[in-house]
Every structure is written in C-alpha cells, then in structure tokens.
Amino acid sequence: MTATAIRWAHRRTRAADAWRQYRAQRAGMAGLIVLAAVTILAIAAPLVADADSLDPTQAPGHRFEPPGARFWLGTDDVGRSVLTLTIYGARMSLLVGVTATVLSVLIGAVVGLVAGHFARATGWVLMRLTDWFLVLPQLVLAIALAVMLGPSAATIIIAIALTSWASTARLVRSATLAVESRGYLERARALGGGHWHLITRHVTGAVAPLIFASATLQVASAILAEATLSFLGLGDPAVVSWGTILSHANDSGAVSYGAWWYVIPPGVLIVAVVAAFTLCGRAVEAIVNPRLREAR
Amino acid sequence: MSLVDIRDLTVTYDARRAAVPAVRGVTLSVQAGASLGIAGESGCGKSSVALAMLRLLPATAAVGGHILLDGDDIATMSFGKLRAVRWSRASIVFQGAMHALNPVRAIGGQIAEPIRVHDPATTRADALTRARELLRQVGLPAWRADSYPHELSGGQRQRVMVAMALACRPRLIIADEATTALDVMIQAQVLDLVSDVIARQGIALIMISHDLSILASTCDELAVMYAGRVVEHGPTAKVVAHGAHPYTRGLARAFPTVGDPASRGRPRGVPGDAPSPLRLPDGCAFRPRCPIAIDDCAHGDIPLQAVAEGRRAACLRAGEETP
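Thresholds, definitions, all that
Residues numbered from 1 in each chain as written. Chains lettered and ligands numbered in written order. Predicted model: local features only at pLDDT ≥ 70, side-chain atom pairs only at ≥ 80, totals over all residues. Heavy atoms only, no water. Helix = DSSP H or I, 4+ residues; strand = E, 2+ residues; numbered from the N terminus. Rg over C-alpha atoms; globule rule 2.2 N^0.38 Å. Buried < 20%, exposed > 50% of the residue type's maximum accessible area, 1.4 Å probe, protein only. Contact = heavy atoms within 4.5 Å. Areas by Shrake-Rupley, 256 points an atom, 1.4 Å probe, with all protein chains shown as cover. Lys, Arg positive; Asp, Glu negative; His and termini not counted. Charge placed at Lys NZ, Arg CZ, Asp CG, Glu CD. Buried area = accessible area lost by both parts, 1.4 Å probe. Salt bridge = Lys/Arg side-chain N within 4 Å of Asp/Glu carboxyl O. Polar contact = N/O pair within 3.5 Å; in protein donor to acceptor, adjacent residues only side chain to side chain. 1 Å grid on protein atoms, 1.4 Å probe; cavity = no way out; pocket = protein on both sides within 12 Å on 5 of 7 lines; lining within 4 Å. Points joined across faces, edges and corners; volume = space filled by probe spheres on them. Nonpolar A, V, L, I, M, F, W, Y, C, P; charged D, E, K, R; others polar. Pairing = 2+ DSSP bridges. Axes fitted to C-alpha atoms, helices over the stretch in contact; angles between N-to-C directions. Phe/Tyr/Trp six-rings, centres within 6.5 Å; stacked < 30°, edge-to-face > 60°. Lys NZ or Arg CZ within 6 Å of the ring centre and 35° of its normal. Core = buried A, V, L, I, M, F, W, Y, C linked by side-chain atoms within 4.5 Å.

Asker: Could you give an account of the overall build of chain B, naming the residues involved and the relevant values?
Answerer: A tally of regular secondary structure across chain B gives ten helices and twelve strands. Its C-alpha atoms give chain B a radius of gyration of 21 Å, within 12% of the compact-globule value 20 Å for 323 residues. With respect to the principal axes defined by its C-alpha atoms, chain B has extents near 65 × 50 × 40 Å. The burial tally for chain B puts 51% of its 323 residues in the buried class. When contacts within chain B are restricted to residue pairs at least 6 apart in sequence, those whose partners lie at least 24 apart make up 64%. Carbon and sulfur atoms make up 53% of the accessible area of chain B, which amounts to about 14,300 Å² in all. Taking the 35 positively charged and 31 negatively charged side chains of chain B as two groups, their mean positions are separated by 4 Å.

As structure tokens, then:
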C-alpha cells in the first residue's frame, strides 16, 4: 500500500467510527432524518411543485380554499397552493439559515483564533468587542441592520451573521487557548514556525470539530432569526420563505378568517427543522466532546 | 570562535508580585562538534538556559546577557531572522515526545514540517522522502512515516524527535531531559543513537539532565548548575569522579553503584532542598546544605574560579574533601 492509501484507510476508519457513534444516538438520527427529508424536498421542489403557480397573477385556486383533494394544504389569500409555497419556502429558509451560519461561524472562528493566539493586547481588544456584540440584543441589532441595508435575502444573511458570531468567537478562543499550551505548539514555534504556520497547521485542526458542532447548533437559531426578520417584513417580499409566508398570512388576516392551513404548515416546519438541527448539533457535540456522552 | 557563546545570561520570571531570578549569570561556550552537559536539580535554571538559547521563553521572562549563536546575538535578532535560525542552526529534542508530537498528524508530515518551513520551495513529496530517510537514520523503518504518534512506543517516539531535530541539518542540538521519561534500556539506546548521530555528522550537543550518569556517558564537558548559577565546569570524567564543589560531589553520590555492596547504605545525595529563588541566602546559595561551609561563605558572591587545568568551580574550599 502506498502512503496516501494508508492515510485514506485511516481516515475511512475514523469516519466510520464517528458515524457508528452518531448512529447510536437516537435523537440525533431522528433529527438527521427530518433534515434529509426537508433538504431533499427543497432541492427537488421544481419536480414536485410548479414554480409558476407562485406568481399571484397565475394563482390556480380561489381565496382561502380549505385543504382538499386539489390543494392538500388549501390556498392562500390570492389562491396559491400553500403546499407549493411551503415547499419553495424551504429552499429560502434553508439557504439563508446555512449561509448565515457559515458566514457567522467564519467570523467567529477567525476572531476566536486570533484572540486566542495573540492572547495579550490584540486578544483583549477582540474579546471586548465580542463582549459588546454578546450583550447587544440580537434581534434589535439585526432589525437595525436590515433596515439600513434595505430588504433582501443578502441583508438578512448579513444581519444574522453580524449579530451571532460572538458566541462562536468565545468558544473558539477558549479552545485555542487550551491547544496553545500543548507541547507540540512549543515544538512548532521552536522549529521556526510563524504565527500563520502555528494557526493553520496545528490550532485550526484541533479546534475544527468544535467549530463544526457549534455551527450545526447555530443553523437552528439562524433559521429562526430568518423567519423572525421575514415575518417582520425585512426580507425580500418577492421571495417565498417560511417567514414571509407567515408574514403574508398575518397581513391578509388569515387567522381571523380561520384559515389555519395557511399558518400551521410553515410554522410546524420551522419548529421541526430548528429542532432537527439542534438534535443533530447535540449529537455531533457528544461525539466531539466525549464527556457529554451519556454513561451506559 | 565558538559555535555557542553564552555570556552572563540572566533569566528573571515576572511572577505576580515578585521577580523570580531563575538564571543568575551563566557563562558557557560550546565549540563546533563538541558536547556539553548541564546538570542540576529541578528548578536550578537549566531548562531556562536551554529555552533562552532559541528565545522560546514565555513573555513573562526577562532575559539579560548575550547568547551568540555562530556570532549572531539571539536577543537582538529580528523575529524573521530568529525564525530562520531556529531549527536550521540549533534544534531541540524535547522532554515529552508524546506531547511534542501533534496527535492527529502522521509523523512523516511532522518530521517534514521544519523542512518545509525553512525551505518553502521543497515539495511535499520531497520533504516526505527526506523524512523517511531521517527515520531510517534513527533506526526506524521508513513506513513508520505513515503512523500516528499513539501507534509508537515511547522509545520510538523519542527517536522520531531525534529525526526531527536532524531535519534541517543543524550545527547544534539541544536535548532537554530528552530521555528522562524512558526506561533505562531504551534510554541507553536513544543515548547511543544521539551520540552516534552527532559524532557522524559533526553536530554539537548541549544535553540537559538531572542524571549525572547520562551526561557522563555522552558529554565531553560538564557544567553543574545550582540555584541559577554554574557552580562547577570542566571535563566530564574529572568533574564526576572528583568534583571540586561539594554540591557536585553530593550529586554524584546520589546515584548508587549497582552491584557495589560498599555503596549500599552509604549516605547519599545532598540533604535538604534547593533554596527558593525568591529567598536566596547571602553569599553562597549552597551554604545552608553544605557540609563544609565556613563563615566566609556567608558573605559576598563566590565567583567561578579556575581550580585546575580547564576546570572552574565556585567554592571557597574547592577540592577539599567532604567529611
């Protein structure tokens, strides 16, 4: 066997190990199944639902038709199928949730790594900045940002990312400090490695599993934040997401009309996906940090 | 010119409320290809000397004096120059090989690390080839390059550290308690390996240990440190066999002779503890534990003086027998 083959064999065993540990956690598996179902539905949306029917002028049904054979989940105030809306809404909600999380974790990881590595003056300044973001009410700051930048999906992503990186930064910094005291970092310094070398070669790898676990948990809150901001009318009104569906339902008086089918599907899905991401995040966290695993 | 020239080195740690003098004026030099042992109890400042040589001490340590490596002063060097000097001119074999290796990376890549840091033009494949060759030099099969640290035994890991120290063809290797955590048989193997490699490649060695027998078997010269100072310095065999300083004699006696019934039950070592660097006694720091101290020992500094050809000791009664 060649060297790379051996290394890949190692990686495969490790991945198989992690997967086995993951599978042993029932809640994590339930979350993963929900996520997989929603993701497949979102990706396959054009195959199962007609995008043209989202245009209010081409709405196929009448106002507030209750669930029936033609529209399984009824119609909205202009006659569009709530099922179609919900399926297309999944795309936007997942996209914004994941993108905002990636951005937020990226900012948090960089700030945390730099603050942990340059623990003295630079770290102090960065941590005070982090504290500031941590104590600011997240929603208020996000609303202010979204209003400033104008309603669009990009606005929501930026608003969520800029208001949620602080906890990741704290987490990454503490993990970095722990890694920095290891012997192999002293060795890497002694052999002439600079800051860039130390951070990229040794620290990032050791901190990465933790970053991944925290990212999975953060997707949940990002999706919730997206729904909140969209509901408050700060998203792009032309794009369908679960938050905007709820917002429209609210504006059109669906609740007082008794059109429960307009409100419940996006609402239930938001809860389901948020719960699923949280369950997955907890399961990943338990693998990364064995102390969290239940004793058996 | 010597390869290493340490002149009047002082290291003072800034503890919360007090300044802790760990090294108080050490002057030593090593010629190219020569070997120097530094002996002493825990806390005598020997590791601080080693780390100061590559400016690896934490920011809380204030370093005074000069350390010349090939004529260049380490203390005043720019960080970029210092990085280039580290490992390419002097490398370190660290104490705990388990901790000095990254547990999640194959060891071949870790041996290749200094090669690629110092010559970024080296391809990954070339560096790995050289890493395998280095593994063979330290008596490990080349396929071990793909192993992870936890798959190796303690002795093998220490061999990996030696291979890593050789990676950039340094002129000096600093071994800081490099074999302390190993059992005696493995210790002997690693010491043989180090002696063999440095002799063949003409590398100078500074070996730091609390174990005189290790230093006696590997080093030409020996410096004994006590409370941050060198108290005796000279050719190893003479210093070990006939220490001029009472502390050296105590240290030499602390190791029993295996199989010698006469050494059994004989008073060993040095009674008492080394003084805290925060509360050093006046005069000779060894005075409270010294069996032959006289009143004069309590006053002023006891300088390191020549006691014989090539030998120095810091004792007013140098060479006198301990009762």
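Asker: Account for the interface of chain A and chain B, with residues named and values stated.
Answerer: At the interface, 22 residues of chain A touch 30 residues of chain B. Together chain A and chain B conceal approximately 2,200 Å² of surface at their shared face, both sides included; 53% is due to carbon and sulfur atoms. One can count two salt bridges joining chain A with chain B. Arg187(A) is paired through a salt bridge with Glu113(B); the nearest N and O atoms lie 2.7 Å apart. One can count eleven residue pairs in polar contact (both at pLDDT 80 or more) joining chain A with chain B. Elements supplying a minimum of two residues to the side of chain A that touches chain B: α1 (3–23), α8 (183–190) and α9 (195–231) of chain A. A total of seven residues in the side of chain A that touches chain B trace back to one element, the largest contributor, which is α8(A).

Asker: So, empty space enclosed by the protein: which residues are in play, and what are the values?
Answerer: For the structure on display, the rule yields three cavities of 30 Å³ or more. Of the volumes computed, that of the largest cavity is approximately 100 Å³. Lining the largest cavity are 13 residues, with Cys284(B), Cys290(B), Cys297(B), Cys315(B) and Leu316(B) positioned closest to its centre. Classifying every residue of the lining of the largest cavity by side-chain character gives ten nonpolar, one polar and two charged. Approximately 70 Å³ is the volume attributed to the second largest cavity. Lining the second largest cavity are Met92(A), Val96(A), Ser152(A), Ala153(A), Ile156(A), Glu226(A), Ser230(A), Gly235(A), Asp236(A), Val239(A), Ser241(A) and Thr244(A). Secondary structure elements with two or more residues in the lining of the second largest cavity: α4 (82–117), α7 (153–180) and α9 of chain A. Tallied by class, residues from the lining of the second largest cavity come to five nonpolar, five polar and two charged.

Asker: Go over the sheet that holds strand β6 (residues 90–93) of chain B with me, naming the residues and quoting the values.
Answerer: Residues and elements named next belong to chain B. Here eight strands make up an open sheet; going across it, the order is β6-β7-β8-β3-β9-β10-β12-β11 and the pairing mixed. Across the chains shown, the open sheet's two edge strands, defined by having one partner strand only, are β6 and β11 (305–308). Each adjacent strand pair in this sheet contributes to an overall mean axis angle of 25°, direction not counted. By the bridge criterion, five bridges tie strand β3 (residues 35–39) to strand β8 (residues 204–209) in an arrangement that is parallel. Following the sheet pairing, Ala39 is matched in β8 by Ser209. Running over the sheet, helix α10 (residues 246–253) touches β3, β9 (221–226) and β10 (229–235) and is turned about 105° from β9.

Asker: Now, about the packing of aromatic side chains: what can you tell me, with residues and values included?
Answerer: The full count for this structure, using the stated rule, is seven aromatic pairs over all chains. Centroid distance Tyr226(B) to Tyr247(B): 4.6 Å. Interplanar angle 55°. Geometry classified as tilted. Taken together, the positions of Tyr226(B) in strand β9 and Tyr247(B) in helix α10 put the pair 21 residues apart, joining distant regions of the chain. Overall, Tyr226(B) belongs to the buried group, its relative accessible area being 3%. Ring geometry for Tyr226(B) and Phe286(B): centres 5.1 Å apart, planes at 80°, overall edge-to-face. Of the two residues, Tyr226(B) sits in strand β9 while Phe286(B) sits in the loop between α10 and β11, which places them 60 residues apart along the sequence. A network of ring pairs unites the aromatic residues Trp132(A), Phe133(A) and Trp165(A) as a single cluster. For Arg14(A), the ring lying beneath its charged end belongs to Tyr148(B), and the centroid distance is 5.6 Å.

Asker: Hey, could you go over the nonpolar core for me, with residue numbers and the actual values?
Answerer: Leu9(B), Val160(B) and Leu172(B) are the most contacted members of the largest nonpolar core, which has 102 residues in total. By residue number, the principal contributor to this core is helix α6 (residues 154–166) of chain B, which donates seven residues. In this structure, Val160(B) is in contact with Leu101(B), Ile107(B), Ile111(B), Leu135(B), Leu140(B) and Leu152(B), ignoring residues within four places of it in sequence. In this structure, Ala45(A), Ile245(A), Ile270(A) and Ala276(A) belong to the second largest nonpolar core, which totals 37 residues.

Asker: An account of the side chain of Arg86(B) is requested, with residue identities and associated values reported.
Answerer: Considering the arrangement of structural elements, one finds Arg86(B) in the loop between α2 (79–85) and β6. Comment: no salt bridge for buried Arg86(B); closest opposite-charge side chain is Glu186(A), at 9.4 Å. Reaching out from Arg86(B), the side chain makes a polar contact with the backbone oxygen of Arg55(B) at a distance of 3.0 Å. Those residues in contact with Arg86(B), other than ones at most four positions away along the chain, are Arg189(A), Ala190(A), Leu191(A), Gly192(A), Leu54(B), Arg55(B), Leu56(B), Phe79(B) and His118(B).

Asker: I'd love a proper account of the layout of surface pockets, names of residues and values included.
Answerer: Which parts of space are left empty comes out when a probe the size of a water molecule is rolled across the atoms. In this structure, the largest pocket spans a volume of roughly 1,400 Å³. Every residue lining the largest pocket is counted, 46 residues in all, and those nearest its centre are Gly205(A), Ala206(A), Ala208(A), Pro209(A) and Val104(B). Those elements that place two or more of their residues in the lining of the largest pocket are α1, α7, α9 and α12 (260–288) of chain A together with α4 (107–118) and α5 (124–137) of chain B. For the lining of the largest pocket, the element with the most residues is α9(A), which contributes 13 residues. Looking at the lining of the largest pocket residue by residue, the classes come out as 26 nonpolar, nine polar and eleven charged. Roughly 880 Å³ of volume is contained in the second largest pocket. Around the second largest pocket, the lining is made up of 29 residues, and of these Arg189(A), Leu56(B), Leu57(B), Pro58(B) and Ala59(B) lie nearest the centre. Every element with two or more residues in the lining of the second largest pocket is listed here: α4, α7, α8 and α9 of chain A together with β4 (61–69) and α2 of chain B. With three residues, α8(A) is the largest single contributor of residues to the lining of the second largest pocket.

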